[in-house]
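Observations on chain architecture
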Amino acid sequence: MRIDFDPQTMERAAFYRLLTSVVVPRPIAWVSTVSAVAPFGANLAPHSFFSVACVSPPVVQFTSVGRKDSLRNIEATGQFVVNLAPEHLFEQVNATGTDFPHGVSEFDAVGIAREPSRLVKPPRVAASPVALECELHSTVLLGDSTVVFGRVVYAAVSDAVLVDGHPDVRKLRPLTRLGKDEWGTMGDILEISRIPFEDWPKN
């Protein structure tokens, strides 16, 4: 037996809660930006609608639900940084999702150390093991949300999370977003190789 949920008849918030409870786990883009107008503060916010959009050129995407400071800053400056949200910064990542007034820097309010980026103006989170520096590629408005596409122009990865020159998820320890106030951490990791068609068992 299944229970029907009709987005045409449900309130927006109720169906949003349903979607975010079943589309799980969701990786987090911890996005840092800078304001183009005074005060020229640095903004930092977690966005859990996040993925890779293209390989060549390398493009990542995240969705701003509503018009938040991250989106306004990116539209004005054309730049942002996606910082990996690691498990050991769980409380700080959550705190940067607070609705601080415009002009308040989450870096300062939460007490998060920053470091300069290589090619873009927004700073990186110093304690994050991965930073993807991005130039704005394009945006797409979908109803009450805006999908932001960023071309990755530089990637900085801590050598502490590399194994044979490749990021190891066991060392990255990424946080993920679940439903309600729930967050996910690393559980069991399953490994399996794909079988090429030419090697597929024949009947």
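The preceding data block contains the structure.
Residues numbered from 1 in each chain as written. Predicted model: local features only at pLDDT ≥ 70, side-chain atom pairs only at ≥ 80, totals over all residues. Heavy atoms only, no water.

On to the pairing of strand S4 (residues 50-54). Along any regular strand, the residues point their side chains to alternate faces of the sheet. As paired elements, S4 and strand S5 (residues 59-65) share 4 bridges and run antiparallel to each other. When the bridges of S5 are listed, Cys54 appears paired with Val59. Adjacent in sequence and paired antiparallel, S4 and S5 are bridged by 4 residues. (Pairing = 2+ DSSP bridges. Helix = DSSP H or I, 4+ residues; strand = E, 2+ residues; numbered from the N terminus.)

Further remarks concern the packing of aromatic side chains. In this description, an aromatic ring pair is defined by two values, namely the gap between the centres and the angle between the planes. Enumeration over the complete set of coordinates arrives at 3 aromatic pairs. With a centroid separation of 6.4 Å and an interplanar angle of 50 degrees, the aromatic rings of Tyr16 and Phe49 are classed as tilted. Taken together, the residues Tyr16 in helix H1 (residues 12-22) and Phe49 in the loop between strand S3 (42-47) and S4 connect sequence positions 33 residues apart. On the basis of an interplanar angle of 75 degrees and a centroid distance of 5.7 Å, the ring pair of Phe90 and Trp183 is categorised as edge-to-face. Linking Phe90 in helix H3 (residues 90-95) with Trp183 in strand S14 (residues 183-184), this pair joins segments that are 93 residues apart in sequence. The partly exposed category is assigned to Phe90, whose relative accessible area is 35%. For Trp183, a relative accessible area of 18% gives the class buried. The aromatic ring of Tyr16 is capped on one face by Arg12, whose charged end is 5.9 Å from the ring centroid. (Phe/Tyr/Trp six-rings, centres within 6.5 Å; stacked < 30°, edge-to-face > 60°. Buried < 20%, exposed > 50% of the residue type's maximum accessible area, 1.4 Å probe, protein only. Lys NZ or Arg CZ within 6 Å of the ring centre and 35° of its normal.)

By the definition in use, this model includes 10 salt bridges. Residue Arg67 is joined to Glu75 by a salt bridge in which the shortest nitrogen-to-oxygen separation is 2.6 Å. Lys180 serves as the salt-bridge partner of Glu182, at 3.8 Å between the closest nitrogen and oxygen. You can call Glu182 partly exposed: its relative accessible area is 36%. Through salt bridges that share partners, Glu115, Arg124 and Glu133 make up one connected network. (Salt bridge = Lys/Arg side-chain N within 4 Å of Asp/Glu carboxyl O.)

Here we come to the side chain of Ser105. Structurally, Ser105 is set in the loop between H3 and helix H4 (106-110). The contacts of Ser105, once residues within four sequence positions are left out, are Ala42 and Arg114. (Contact = heavy atoms within 4.5 Å.)

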